[in-house]
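Per-entry structural report
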Amino acid sequence: MCDSCGCSQPDNSVTIRRAGQNVSGSANHHHAPHHHHDRPVQGRIVEVREAVLGKNDALAAHNREFFKNRRVVALNLVSSPGSGKTTILERTIRALLGEIPMAVIEGDQQTMLDAERIEATGAPVVQVNTGAGCHLDADMVHQALHQMEPAENSLLFIENVGNLVCPAMFDLGEAAKVVIISVTEGEDKPLKYPAMFDAASLCLINKIDLLPHVDFEVARCREYALRVNRRLEFFELSARTGEGMPGWLDWLRSRL
Amino acid sequence: MHEMSLAVSIVELVSGKARAAGATKVTAIELEVGKLSGLMPEALAFCFEAAARDTLAQGARLEIREVEGGGRCLACGHAFVLDSLLAQCPQCGGYAVETVQGRELQVVSLTIDEE
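Cut-offs applied
- Residues numbered from 1 in each chain as written.
- Chains lettered and ligands numbered in written order.
- Predicted model: local features only at pLDDT ≥ 70, side-chain atom pairs only at ≥ 80, totals over all residues.
- Helix = DSSP H or I, 4+ residues; strand = E, 2+ residues; numbered from the N terminus.
- Rg over C-alpha atoms; globule rule 2.2 N^0.38 Å.
- Core = buried A, V, L, I, M, F, W, Y, C linked by C-beta atoms within 7 Å.
- Buried ≥ 20, exposed ≤ 12 C-beta atoms within 10 Å, placed from the backbone.
- Contact = placed C-beta atoms within 7 Å.
- Nonpolar A, V, L, I, M, F, W, Y, C, P; charged D, E, K, R; others polar.
- Pairing = 2+ DSSP bridges.
- Axes fitted to C-alpha atoms, helices over the stretch in contact; angles between N-to-C directions.
- Right-handed = clockwise from strand over helix to strand, strands pointing away.

Looking only at helices and strands, one finds two helices and six strands in chain B. The order of α-helices and β-strands along chain B, N terminus first, is α-β-α-β-β-β-β-β. In terms of overall dimensions, chain B is more spread out than a globule: its C-alpha atoms have a radius of gyration of 18 Å, far above the 13 Å expected for 115 residues. Taken along its principal axes, the extent of the C-alpha atoms in chain B is 60 × 25 × 15 Å.

Grouped together as the largest cluster of nonpolar side chains are 103 residues, with contacts concentrated most on Ile 158 and Met 196 of chain A together with Ala 7, Val 14 and Val 26 of chain B. Considering each element in turn, this core owes the most residues, nine residues, to helix H1 (residues 3-20) of chain B. If sequence neighbours within four positions are ignored, Val 14 of chain B has contacts with Val 26, Ile 29, Ala 57, Val 107 and Leu 110 of chain B.

The next thing to look at is the interface of chain A and chain B. The interface is formed by 38 residues belonging to chain A together with 35 residues belonging to chain B. When contributions to the side of chain A that touches chain B are tallied by element, the ones reaching two or more residues are strand S3 (43-51), helix H6 (194-199) and helix H7 (218-228) of chain A. Looking at which element gives the most residues to the side of chain A that touches chain B, the answer is S3 of chain A, with nine residues. Here the residues of the side of chain A that touches chain B are counted per class, giving 18 nonpolar, ten polar and ten charged. Bridge count for S3 of chain A against strand S6 (residues 105-114) of chain B is seven bridges, and the pairing is antiparallel. What sits directly across from Glu 50 of chain A, in S6 of chain B, is Val 107 of chain B.

Turning to the sheet that holds S3 of chain A, a few remarks are in order. One open sheet holds the four strands; their spatial order is S3(A)-S6(B)-S1(B)-S2(B), and the pairing between them is mixed. Each having just a single partner strand, S3 of chain A together with strand S2 (61-67) of chain B make up the two edges of the open sheet. The mean inter-strand angle of the sheet, taken between neighbouring strand axes irrespective of direction, is 20°.

A few words on unusual backbone geometry. Residues and elements named next belong to chain A. With phi around 50°, Arg 71 is a residue other than glycine that occupies positive phi space. Note that Arg 71 resides in the loop between helix H1 (54-70) and strand S4 (73-79). Notably, Lys 207 is not glycine yet its phi reads approximately 65°, a positive angle. By secondary structure assignment, the location of Lys 207 is in the loop between strand S9 (202-206) and H7.

Looking now at the sheet that holds strand S3 (residues 69-73) of chain B. All names here are of chain B. Within the open sheet, the three strands sit side by side as S4-S3-S5. Their pairing is antiparallel. Whereas interior strands pair on both sides, the edge strands pair on one side only; in this sheet they are strand S4 (79-82) and strand S5 (97-101). Taking the axes of each pair of neighbouring strands and ignoring which way they run, one obtains an average angle of 35° across the sheet. Strand direction decides the pairing type here: S3 and S5, joined by four bridges, are antiparallel. Each bridged residue has a counterpart across the sheet, and for Arg 72 the counterpart in S5 is Glu 98.

What follows concerns the pairing of S9 of chain A. Residue and element names in this part refer to chain A. Summarising burial for S9: five of the five residues are buried, a large majority. Residues of S9 alternate between two faces, with Leu 202, Leu 204 and Asn 206 on one and Cys 203 and Ile 205 on the opposite face, all of them buried. Note that strand S8 (residues 176-182) and S9 share five bridges and pair parallel. When the sheet's bridge partners are listed, Ile 180 is paired in S9 with Leu 204. In terms of strand pairing, S9 meets strand S10 (residues 233-236) through four bridges, oriented parallel. Looking at the pairing, Ile 205 lines up with Glu 236 of S10. Taken together, S9, H7 and S10 constitute a β-α-β crossover, and its handedness is right-handed.

The structure is reproduced here in structure tokens:
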């Protein structure tokens, strides 16, 4: 079965493809054959003591090892839908193109729209469509890496499905989670969705060009986020106007 | 709704272990779920039923053992029960609290019918 949310779905509902590809590859989940034995029954307790996410964590460790060997810095971008993740990526790639090799894995339930936007910037991109799934998992990233091998000493941006809940639980093998909040959302998001802010290393506060028009207090948002995660770093920026981008770009340079 | 994903992971893990043990059926699954794991036991139980369909775990009883959250204040060292990731030390009022318990999410044991 596919790793999915909301309903059961057939294996081929997760598709992973390069921008421009119209033939979808299925997620290739393997099913071991089931053996059925029709013999007398007797209850027996089998000790297991294994983490439910153990398989995902093992695949994430495998991805992490791959990144380490190639000196690829992988960043998992997480946020609510509409916070501006893709716009931040477009602006970031255009600013660093020619300076740092970059690649993108785009996660959405449906469509190639984000992959097409990223492809237009000149960076290699693979789109993962999760179907009904509400998050990327380590296996999807692993399969995406088979479609597009990132260059050595490069940045890999993994844009997760827009969702502030589920992606917090699934390690993809990334070096860091970057959580994005836009000023059109409530400044209390860190209090409402603490797991994601707890799991992130960096917080980007986006759309600051709209601050004069909304009741969003940046200082309060920071304070709330720091209550959840005292190690969190911040950049305030506008991916639309470019204001505040240099700090984020320098942070990216410093990771390599 | 990551509970469905986790239910599927549980069924995969359990089916593998059950097959290896020569089970013909899994009748019960003992789970340890930390109160800070971000998982709703009711939602998990609901999803599990669907995820287990046509597997060795179909119809298995899910025994969920909840694990209390535990925190330790990094400022004053006070240890206390933690009911959210957003905790304030009841002794000194600080927010620098380390989570020491409550994120568990593991399959503890299975009860199987065997050949």
